[in-house]
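Each chain, letter by letter, is given below.
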Amino acid sequence: LRQVAMLLLAAILVVLGLTMELRPLMHLKDQLASRDATSVSPIRPGQLQLELRPIVEAINQTIQRLNTQVAAQKRFITDAAHQLRTPLTLLDSQIQFARRLSDQDRRSEVLQAMQESSRNMTELTNKLLLLSQAEASNTTAFLRQPVDLMAVSAAVLEEIVDLAQRKNIDLGLETKIQHAWVMGNEALFTAMMMNLVDNAIRYTPVNGKVTVGIAIAIAASHEQVDISVSDNGPGIPAEVRNRVFERFFRNAAPGQEGTGLGLAIVKEIVIAAQGTVTLAAGEQQRGLTVLVQLPAIATGPDEAADNKI
């Protein structure tokens, strides 16, 4: 009888002990179950045991990453709505004006203006989508693999050379290396180079010069790829150089084409590749030089296996 009583007492104590010890964990479960689906606020551990607090910290870190992604998506939607509203309103006004015209010549002029508005809106939409991809490029949705920036740069220059020839701009590539391997997404690196060279050509006057330079440099204990895009255009004043990486900020002359997204896209791609991008005056303090520095890898695609972030 004494042993049976001791066993019953032990069972009661075990149940009470487990109930008391598990109460904070059950409270955490109820807290998670009752949360709003859109809530991104951190979880409070309350009276949770010290051994279980790292779990809450890990959940809060995940919530913080989700919060960052949600904020980026909201900012993108707000920017897209704001920037697309104006060209859509302009296009609608042009359509209404064209419908009231009876003069064929005037109507042709308006239709040409409408086509230009449509092109500008398409360019803006493509830039916005590219900016969204660049912001998401540090997630597992984007495959990272060895990319040869020499090949990427050569392809970009070949594609954009017609734009340079229209303005009689001397466009060239200066390098002493054959390959410049970095880890990242080839499509985004192509977009990065395209935006850098396109910006340089756009803001360089007729008969100007744009030079792309690629080199391997030693930084601290590792090698890095230095990519420079220099021009002899009007340049950017030192006091506004940091602002040109902001979305839709334009340091352009009135009437000059552009979306104000090119360098913002470049910055997002460079940050995702764990690199840096800086601006400086060009040669003899004329024009502008954009310097992108990315961590180099020593192997090509035959020796390095593809991987994800």
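Quick look at the structure, then.

A few points about the overall build of the chain
Now for step 1: On a plain count of helices and strands, the chain comes out with six helices and eight strands.
Now for step 2: Ordered by position in the sequence, the α and β elements of the chain form the string α-α-α-β-α-β-β-α-β-β-α-β-β-β.
Now for step 3: The buried share of the chain, reckoned over its 309 residues, is 36%.
Now for step 4: When contacts within the chain are restricted to residue pairs at least 6 apart in sequence, long-range pairs at least 24 apart make up 68% of them.
Now for step 5: Entry remark: accessible area of the chain is about 19300 Å², with carbon and sulfur atoms responsible for 55%.

Points about the sheet that holds strand E2 (residues 170–175)
Now for step 1: One open sheet holds the five strands; their spatial order is E2-E4-E5-E7-E6, and the pairing between them is mixed. Each of the sheet's edge strands pairs with one partner strand only, and the pair in question is E2 and strand E6 (276–281). Across the sheet, the mean angle separating the axes of adjacent strands is 20 degrees when strand polarity is ignored.
Now for step 2: Pairing analysis gives six bridges linking E6 to strand E7 (residues 288–295), with the strands arranged antiparallel. The partner of Ala281 across the bridge, within E7, is Leu288.
Now for step 3: Packed onto the sheet, helix H5 (residues 186–203) meets E2, strand E4 (209–219), strand E5 (222–231) and E7 and runs at close to 30 degrees relative to E5.
Now for step 4: Across the sheet, helix H6 (residues 262–272) lies against E6 and E7, angled at about 135 degrees from E6, the strand it touches most.

Here's the deal with the side chain of Asp148
Now for step 1: Looking at where Asp148 falls in the secondary structure, it is placed in strand E1 (residues 143–148).
Now for step 2: From its side chain, Asp148 meets the backbone nitrogen of Met150 in a polar contact 3.1 Å long.
Now for step 3: Within the local environment of Asp148, its side chain forms a polar contact with the side chain of His179, the two groups lying 2.8 Å apart.
Now for step 4: Not counting the four nearest positions on each side in its chain, Asp148 is found in contact with Gln178, His179, Ala180 and Trp181.

A closer look at a nonpolar patch on the surface
Now for step 1: Together, Leu9, Ile12, Leu13 and Leu16 make up a nonpolar patch on the protein surface, roughly 400 Å² of accessible area in all.
Now for step 2: The topology assignment puts Leu9 in helix H1 (residues 2–33).

Concerning the environment of Val225
Now for step 1: Inspection of the secondary structure assignment puts Val225 in strand E5.
Now for step 2: Separated by 45 residues in sequence, Val225 and Ala180 place their C-alpha atoms 6.5 Å apart.
Now for step 3: Beyond its immediate sequence surroundings of up to four residues, Val225 is in contact with Leu149, Ala180, Trp181, Val182, Ile214, Ala215, Ile216, Val292, Gln293, Leu294 and Ala296.

Looking at unusual backbone geometry
Now for step 1: Positive phi outside glycine occurs at Asn168, with the angle close to 55 degrees.
Now for step 2: Checked against the element boundaries, Asn168 lands in the loop between helix H4 (149–166) and E2.
Now for step 3: Although it is not a glycine, Gln274 sits at a positive phi angle of roughly 60 degrees.

Considering H5
Now for step 1: Its 18 residues give H5 an end-to-end C-alpha distance of 26 Å, which sits within 8% of 26 Å, the value for a rise of 1.5 Å per residue.
Now for step 2: Within the sequence span of H5, burial applies to Leu188, Phe189, Ala191, Met192, Met193, Asn195, Leu196, Val197, Asp198, Asn199, Ala200 and Ile201.
Now for step 3: Measuring from the backbone nitrogen of Ala187 back to the side-chain oxygen at the start of H5 gives 3.1 Å, which picks out Asn185 as the cap.

What counts as what
Residues numbered from 1 in each chain as written. Predicted model: local features only at pLDDT ≥ 70, side-chain atom pairs only at ≥ 80, totals over all residues. Heavy atoms only, no water. Helix = DSSP H or I, 4+ residues; strand = E, 2+ residues; numbered from the N terminus. Buried < 20%, exposed > 50% of the residue type's maximum accessible area, 1.4 Å probe, protein only. Contact = heavy atoms within 4.5 Å. Areas by Shrake-Rupley, 256 points an atom, 1.4 Å probe, with all protein chains shown as cover. Pairing = 2+ DSSP bridges. Axes fitted to C-alpha atoms, helices over the stretch in contact; angles between N-to-C directions. Polar contact = N/O pair within 3.5 Å; in protein donor to acceptor, adjacent residues only side chain to side chain. Patch = residues over 30% accessible without salt bridge, like charges linked within 9 Å, V, L, I, M, F, W, Y side chains within 5 Å. Salt bridge = Lys/Arg side-chain N within 4 Å of Asp/Glu carboxyl O. Expected span 1.5 Å × (residues − 1).

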